[in-house]
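Working through the structure, step by step
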Amino acid sequence: YKLSVSPEMDIMEYCRKEWRGNTPAAKRMRKGYEAVAQKFASIRRIRGDNYCAFRATLFQALSQATQLPRWLQSEDFTMLPENLLSKYDWIKQWQLREKPGKRMGEIRDEIKEYLILLRQKWKNISEIKGPLEKQEACDKLFKNEEEEYSLYEALKFLMLNTAIELYNADKSGKRVPIFSWLLFARDTSSNPCQLMQNHLNHIGHSGGLEQVEMFLLAYALQYTIQVYRLYKHSTDEFITLYPNDPEEDWPVVTLITEDDRHYNIPVRMCQETML
């Protein structure tokens, strides 16, 4: 049985274990980890199975949640699948995890359940006051495979909804963030239907999130995702923000990556940093 989120370990100890050699890459990684260790004391490894960007982001968001985000509070949040399926027939091709070829009604009801679960878990965890108890609740949730993967399905559907909103806004001449142009400039995702068929349906199965999809995830959650990209150490892309012009009031979660494919999480902010 693989842990979804491993227990915490000292960052520099982890780095020494993983990057022993004297190659330029190993030296750069060590420098990167040293920089992260100025801010954070520990690291928690995230299980790598093509869902790791979701897992790392959601775990960080929940473990510091103190309230339900506005978009999760809205009345029509759980009506999303119904509303979108009534407008866009192609959403019938949505691939539910391990359940290809579902009928439209089943897809609608199942995604609605996932969204309800996301709201319920977020609400429960955000209401826990003690940091230790909150951490325990997060650990427990990420040991429940059935619930955990249902939450990722909810996130994917929220990304689809956000992509549709951005695509429609652009078509009607409204200003959209630059990443939205890049998202729909790809041959494989020139519209939301293609994005779903060629990208979202494959996340977790045959691939993880690409760079441009990290922006989409950040917009869907209305969170700023700050990533230490260790292989970019000593360049101006070492700390990358998704989106790079975040809204003032969006909470921030921090991840670490060595290669833009797999993500781990730094924990325990050093005291000086907190002040």
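Residues numbered from 1 in each chain as written. Predicted model: local features only at pLDDT ≥ 70, side-chain atom pairs only at ≥ 80, totals over all residues. Heavy atoms only, no water.

**Topic: the pairing of strand β5 (residues 252-257)**
Worth spelling out the cut-off: Throughout, exposure labels follow a simple rule: accessible area from a 1.4 Å probe, protein chains only, divided by the maximum for the residue type, with under 20% read as buried, over 50% as exposed, and the rest as partly exposed. Helix and strand labels come from DSSP, where a helix needs a run of H or I of at least four residues and a strand needs a run of E of at least two; each type is numbered from the N terminus. DSSP-based pairing: two strands are paired if at least 2 bridges between them are found.
Within β5, 5 of the 6 residues are buried, leaving the element largely enclosed by the surrounding structure. Direction of pairing for strand β3 (residues 224-229) relative to β5: parallel, over a ladder of 6 bridges. Its bridge partner lying in β5, Ile225 is registered against Val253. Taken together, the 2 bridges between β5 and strand β6 (residues 263-269) define a ladder with antiparallel strand orientation. Of the residues in β6, the one forming a bridge with Thr257 is Tyr263.

**Considering the UniProt feature "active site" (unreviewed entry) in the chain**
For the record, the criterion: UniProt positions are given in the numbering used here, feature names are shortened, and annotations may be inferred rather than shown by experiment. Whether two residues are in contact is decided by their heavy atoms, any of which lying within 4.5 Å being enough.
Sites flagged by UniProt as "active site" (unreviewed entry) map to Asp49, Cys52 and His262. Judged by maximum C-alpha separation, these annotated positions cover 214 residues in sequence but sit close together in space, the widest gap being only 8.8 Å. Mapping Asp49 onto the fold places it in the loop between β2 (40-44) and α3 (52-63). Aside from chain neighbours lying at most four places away, what touches Asp49 is Arg55, Tyr149 and Gly204. Looking at where His262 falls in the secondary structure, it is placed in the loop between β5 and β6. Given a relative accessible area of 23%, His262 falls into the partly exposed group. Excluding residues within four positions of it along the chain, His262 makes contact with Ile46, Arg47, Gly48, Cys52, Ile256 and Thr257.

**Remarks on helix α5 (residues 80-87)**
Operational definition: Of all possible arcs, the one meant is that of the directions from the helix axis to the C-beta atoms.
Those residues of α5 that fall on the buried side of the exposure criterion are Leu80, Pro81, Leu84 and Leu85. All buried residues of α5 project into a common sector of 115° when viewed along the axis, lining one side. Exposed and facing more than 90 degrees away from the buried side of α5 are Ser86 and Lys87.

**Description of the UniProt feature "site: Linear diubiquitin binding" (unreviewed entry) in the chain**
As recorded in UniProt, the sites labelled "site: Linear diubiquitin binding" (unreviewed entry) are Glu237. With near-sequence residues (within four places) excluded, Glu237 lies in contact with Arg229 and Lys232.

**Overview of the nonpolar core**
Put simply, the rule reads: In plain words, nonpolar cores are sets of buried Ala, Val, Leu, Ile, Met, Phe, Trp, Tyr and Cys residues tied together by side-chain atoms within 4.5 Å.
Ile91, Trp94, Leu118 and Trp122 are the most contacted members of the largest nonpolar core, which totals 76 residues. No other element matches helix α8 (residues 145-171), which puts 13 residues into this core. Setting aside chain neighbours within four positions, we find Trp94 in contact with Ile107, Ile111, Glu153, Lys156, Phe157, Leu160, Met196, Leu200 and Asn201. Counting 13 residues, the second largest nonpolar core, distinct from the first, contains Met12, Met29, Ile43 and Ile256.

**Concerning the side chain of His199**
Considering the arrangement of structural elements, one finds His199 in the loop between α10 (192-198) and α11 (211-221). Look past the residues within four positions of His199 in its chain and what remains in contact with it is Arg186, Thr188, Ser189, Gln194, Glu210 and Glu213.

**Here we look at the packing of aromatic side chains**
Rule in force here: The pairing test for Phe, Tyr and Trp rings, Trp by its six-membered ring, is centres within 6.5 Å, and the orientation test on the planes gives stacked under 30 degrees, edge-to-face over 60, and tilted for anything in between.
Following the criterion strictly, the structure yields 18 aromatic pairs and no others. Chaining the aromatic ring pairs together yields one cluster made of Phe179, Phe215, Tyr219, Tyr242 and Trp250.

**Notes on the packing of helix α1 (residues 11-18) against helix α2 (residues 24-37)**
Heads up, the rule is: Whenever a helix is involved, its axis is fitted only over the stretch in contact; in every case the axis is a line through C-alpha atoms, and angles between N-to-C directions fall within 0 to 180 degrees. Convention used here: angles under 35 degrees read as roughly parallel, angles over 145 as roughly antiparallel, angles from 65 to 115 as roughly perpendicular, and any remaining angle as oblique. Polarity classes work like this: nonpolar for Ala, Val, Leu, Ile, Met, Phe, Trp, Tyr, Cys and Pro, charged for Asp, Glu, Lys and Arg, and polar for all others, with Gly in that last group.
Across the interface, α1 lies against α2 with an axial gap of 9 Å and an inter-helix angle of 170°. The angle between α1 and α2 places the two elements in the roughly antiparallel class. Contact residues: α1 offers Ile11, Met12, Tyr14 and Cys15, while α2 offers Arg30, Tyr33, Glu34, Val36 and Ala37. Across the contact of α1 with α2, the residue classes tally to 7 nonpolar, no polar and 2 charged.

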